[in-house]
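Read off the chains here:
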Amino acid sequence: MRLEEELKTAPIKDPYQRMMLNILLTNYWMEDQMSAIMKRYALSKQQYNVLRILKGQKGNPINLSDIQERMMHKRSNATRLVEKLRKKGLVERVLCEENRRKVEITITQPGLELLKEVNPEIEAADHQLAQSLSKEEAVQLSDLLEKLRS
């Protein structure tokens, strides 16, 4: 659906404004789709992001500031997210023996099992959401978005 139809507005003449509104609208649309999946697993998108970061550590611990640095949602409160995941038994927090102020976080086996269950649904949703794009268009769009952020 065209942007103006979706927003029920007159044609947007400025191509940069139209682009930004399209990106925002598409982001909200995609977030709604992902939130529906996450809700079934009692996870937020940010908690899912933390679990994926921890899984990428391949069993090695990581500290809170490194998690925060790698998160897609930079303004998220990593401490709060990790604590919620810990209460669910999906991550472990351990005080570093060399530096008692440093907390090391790892994903637990239940956390890994949850990701095994969620990831195929996310991958299927990714493909479904972008089904109107060819593989080449998906690459091109990704490149353009990276160029926009640079």
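Residues numbered from 1 in each chain as written. Predicted model: local features only at pLDDT ≥ 70, side-chain atom pairs only at ≥ 80, totals over all residues. Heavy atoms only, no water.

Asker: Please provide a residue-by-residue account of the overall build of the protein chain, values included.
Answerer: Within the protein chain, the secondary structure is distributed over seven helices and three strands. For the protein chain, the N- to C-terminal ordering of α and β elements is α-α-α-β-α-α-β-β-α-α. A globule of 150 residues ought to have a C-alpha radius of gyration of about 15 Å, yet the protein chain, at 19 Å, is considerably larger. Considering only C-alpha atoms, the protein chain reaches an extent of 60 × 30 × 30 Å along its principal axes. (Helix = DSSP H or I, 4+ residues; strand = E, 2+ residues; numbered from the N terminus. Rg over C-alpha atoms; globule rule 2.2 N^0.38 Å.)

Asker: Could you give me a rundown of the pattern of salt bridges, with the residues and numbers involved?
Answerer: Counted by the stated rule, this structure contains five salt bridges. Across the pair glutamate 83 and arginine 93 runs a salt bridge, and its minimum N-O distance is 3.2 Å. Placement of glutamate 83 in helix H5 (residues 78-87) and of arginine 93 in strand S2 (residues 91-95) is noted, with a sequence separation of 10 residues between them. For arginine 93, a relative accessible area of 37% puts it in the partly exposed group. One connected set of salt bridges, linked through shared partners, spans Arg2, Glu4 and Arg18. (Salt bridge = Lys/Arg side-chain N within 4 Å of Asp/Glu carboxyl O. Buried < 20%, exposed > 50% of the residue type's maximum accessible area, 1.4 Å probe, protein only.)

Asker: Run through unusual backbone geometry, naming residues and quoting values.
Answerer: Phi angles above zero are rare outside glycine, and lysine 8 is one such case at about 55°. Among the secondary structure elements, lysine 8 is positioned in the loop between helix H1 (3-7) and helix H2 (15-40). A residue is classified by how much of its surface remains accessible, and lysine 8, at 73% relative accessible area, is exposed.

Asker: Before we move on, can you summarise the nonpolar core with the specific residues and values?
Answerer: Leu43, Val50, Leu51, Leu54 and Ile67 are the most contacted members of the largest nonpolar core, which totals 28 residues. Secondary-structure elements contributing two or more residues to this core are H2, helix H3 (45-55), H5, strand S3 (103-107) and helix H6 (109-129). In terms of residue count, H6 provides more of this core than any other element does, six residues in total. Once you skip the residues sitting within four places of it in the chain, valine 50 turns out to touch Ile67, Met71, Leu81, Val82 and Leu85. (Core = buried A, V, L, I, M, F, W, Y, C linked by side-chain atoms within 4.5 Å. Contact = heavy atoms within 4.5 Å.)

Asker: Any details on the sheet that holds S3? Residues and values, ideally.
Answerer: In space, the three strands of this open sheet follow the order S1-S3-S2, with antiparallel pairing throughout. The open sheet has two edge strands with one neighbour each: strand S1 (62-63) and S2. Each of S1, S2 and S3 touches H3; the most contacted strand, S3, lies at about 90° to it. Together, S2 and S3 form the strand contacts of H5, whose direction differs from that of S2 by roughly 115°. (Pairing = 2+ DSSP bridges. Axes fitted to C-alpha atoms, helices over the stretch in contact; angles between N-to-C directions.)

Asker: Would you mind going over the pairing of S3 in detail, with residue names and values included?
Answerer: Of all the five residues making up S3, four are buried; the element is thus mostly covered by neighbouring parts of the structure. Across two bridges, the pairing between S1 and S3 is antiparallel. Residue pairing in the sheet places isoleucine 62 in a bridge with isoleucine 105 of S3. In the sheet, S2 pairs with S3 via five bridges, with the strands oriented antiparallel.

Any link to function would need more than the numbers given here.
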